Each structure stands twice: as C-alpha cells, then as structure tokens.
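The primary structure of each chain is shown beneath.
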Amino acid sequence: MDREAMIESVKAEMPERRWLHVQGVMETSVKLAKRFGVDPVRAELAAILHDVAKYWPTARMEQIIREEKLPEELLDYDKELWHAPVGAFIAERDYGVTDAEVLDAIRYHTSGRVGMTLLEKIVCLADYMEPSRDFPGVNKIRSEAEHSVEKALLTGFDGTITFLIEKGKRIFPLTVLARNDMVRQVN
Ligand code: DGI
Ligand code: FE
Ligand code: FE
Ligand code: FE
C-alpha cells in the first residue's frame, strides 16, 4: 500500500485528536531518526501505523492475540498494552509491511523490551514527546532527547512505571526489563 492510501486508512481508524497525535509521532520520529542516524522512511512508516489498533474493541484485540498466537500473557495486564502487538500484526496482514524491524518498532512501542533497536527506541520516544503530548515531565524528556535517546527514554519509562504504581496497577514485566536495560545503557 502506498503512503497516501495508508495514511487515509489509518486516519479512518481513529478520532481526530488521535490522528493529530499520530502526525506528531510521524514528525518527531523523522526528526529523531535524522538526528541519530536511522532511516527516516522506516521511522515514519512505523509511526504512521503504531496506534492503528488503538481504538479497536478489546474483544477484537483479544481474539487476535489468541488466534494469532501473540503473547497471551498480555491479557493478564492492562488493555492499553494490547494495541501495540495487535498493531504490528495488522501492519503486516492488512498494510503489507514486511520490514521486520518496522514491525518490531510497532510491536514494542508501548511496553519497550530488552535490547531495543535504535528504530524501536526512536518510535517509543517520539510517542512520549511528540508536540501534542502534555504531561508533567515531558519537557525533561524533550531536552534529554536533544542528546541521548536512551536518557530520554529512561525518563519516559520511569514516568510510566511511577504512574502505574500511583494508580495501583500491575507493571508488564517487559517494561521493567526495558527500563533496567536503559539504566545499563546510560551508565
Ligand atoms: O498509545 P499511546 O497512548 O500513544 O501510548 P502508548 O502506546 O505508549 O500507551 C501508553 C499507555 O499504556 C499508558 O497510559 C500506560 C499504559 N500501560 C499500562 N500498563 C503498562 C503501560 N505502559 C507500559 N509501558 N507498561 C505497562 O505495563
Ligand atoms: Fe500506542
Ligand atoms: Fe509510549
Ligand atoms: Fe501513540
């Protein structure tokens, strides 16, 4: 599918404000990719599709996780995590994306994981800091991202983990592992 058709189709999957977020992630992913030496075309492709399943009914996501043998462990954790692996599946099946690293950038954009590629880090970081994001600490992430993807992403993960703890929620283990990996990489 060509870029324009993909954009129109993704846009139709979500409300207007979420589309503004996706445009922000596209723009920020391209900027970070150029800054840190990643192919901006691949970064933009992952960004376009990263939240494609965000507004799908949970039952539809759950069905895909079970039928397509995605990690069922996810079903024990917050539903907010599900759209990322489901999005990677949809990107491949419905949008014809074959680039495994682009698919992984979609798959891990929410949870993170150990051993994230630079492309994965950039999409995950862009998701935290795109221009329409506004949460306490976002400017610290933006300024750290001037110099270090890893430092900025560590601040992002720390914020998410703190937020989940404050809400009394369970933390998906990959996020803890991703955060620990980022601590190792910045030191
Ligand atoms: O889809 P977006 O809103 O753009 O952002 P996202 O895909 O990074 O989703 C983030 C949400 O997921 C955020 O509100 C926190 C929630 N969440 C729930 N459990 C976990 C989690 N995020 C991570 N990283 N790890 C979790 O265990
Ligand atoms: Fe997301
Ligand atoms: Fe995120
Ligand atoms: Fe997002």
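All values reported here derive from a predicted model rather than from experimental measurement.

Parameters and conventions
Residues numbered from 1 in each chain as written. Chains lettered and ligands numbered in written order. Predicted model: local features only at pLDDT ≥ 70, side-chain atom pairs only at ≥ 80, totals over all residues. Helix = DSSP H or I, 4+ residues; strand = E, 2+ residues; numbered from the N terminus. Expected span 1.5 Å × (residues − 1). Buried ≥ 20, exposed ≤ 12 C-beta atoms within 10 Å, placed from the backbone. Contact = placed C-beta atoms within 7 Å. Near = placed C-beta within 6 Å. Nonpolar A, V, L, I, M, F, W, Y, C, P; charged D, E, K, R; others polar. UniProt positions renumbered as here; feature names shortened; annotations may be inferred. Core = buried A, V, L, I, M, F, W, Y, C linked by C-beta atoms within 7 Å. pLDDT = per-residue confidence, 0-100. Axes fitted to C-alpha atoms, helices over the stretch in contact; angles between N-to-C directions. Parallel < 35°, antiparallel > 145°, perpendicular 65-115°, else oblique. Left-handed = near helix turned anticlockwise from the far one by under 90°.

By the secondary structure assignment, Asp 78 is in the loop between α4 (58–67) and α5 (83–93). On a C-alpha basis, the gap between Asp 78 and Ile 171 in space is 8.3 Å, while along the polypeptide they are 93 residues apart.

On to helix α9 (residues 149–166), then. For α9, built from 18 residues, the straight-helix expectation of 26 Å at 1.5 Å per residue is met to within 8% by its first-to-last C-alpha distance of 26 Å. Of all the residues in α9, the buried ones are Val 149, Glu 150, Ala 152, Leu 153, Leu 154, Thr 155, Gly 156 and Phe 157. Next to the buried residues of α9 lie α2 (16–36), α7 (118–129), α8 (138–144) and α10 (173–186). One or two steps after α9, the chain reaches Gly 168, where phi turns positive at roughly 70 degrees.

Let us look at the site of ligand 1. Close contacts around ligand 1 come from 17 residues, with Asp 78, Glu 80, Thr 110, Phe 172 and Thr 175 the closest. Here the residues of the shell around ligand 1 are counted per class, giving six nonpolar, six polar and five charged.

Attention shifts here to the UniProt feature "domain: HD/PDEase" (unreviewed entry) in the chain. When the UniProt feature table is mapped to this numbering, "domain: HD/PDEase" (unreviewed entry) covers residues 14–141. For residues 14–141, the end-to-end C-alpha separation is 26 Å, with 59% helix and 0% strand making up the annotated structure.

We now examine α2. Along its 21 residues, α2 runs 30 Å from first to last C-alpha, staying within 8% of the 30 Å computed at 1.5 Å per residue. Within α2, the full set of buried residues consists of Val 22, Val 25, Met 26, Thr 28, Ser 29, Leu 32 and Ala 33. Here the buried face of α2 lies against α1 (3–11), α3 (40–49), α7 and α9. Where α2 terminates, the next one or two residues include Gly 37, which has phi positive at roughly 80 degrees.

What follows covers the nonpolar core. Formed by 51 residues in total, the largest nonpolar core has its most connected members in Ala 46, Leu 49, Ile 106, Ile 122, Val 123 and Leu 125. At the level of secondary structure, the elements contributing two or more residues to this core comprise α2, α3, α5, α6 (100–107), α7, α9 and α10. Broken down by element, the residue count for this core peaks at eight residues, all from α7. Apart from the residues within four sequence positions on either side, Ile 122 is in contact with Ser 29, Leu 32, Ala 33, Phe 36, Val 38, Ala 43 and Val 149.

Take the confidence of the model for the chain next. For any part of a model where pLDDT is low, the fine detail of the predicted coordinates should not be relied upon. The predicted model of the chain averages 98 in pLDDT, with 100% of residues at 70 or higher. Reported confidence for the predicted complex is 0.96 by ipTM and 0.97 by pTM.

Let's shift gears to the packing of α3 against α7. Interaxial distance between α3 and α7 falls to 10 Å at its minimum, and their mutual angle equals 50 degrees. Considering the angle they form, α3 stands oblique to α7. α3 and α7 meet at a crossing whose hand is right-handed. Residue-level inspection shows Arg 42, Ala 43, Ala 46 and Ala 47 of α3 in contact with α7, the latter providing Leu 119, Ile 122, Val 123 and Ala 126. Grouping the amino acids of the contact of α3 with α7 by side-chain chemistry returns seven nonpolar, no polar and one charged.

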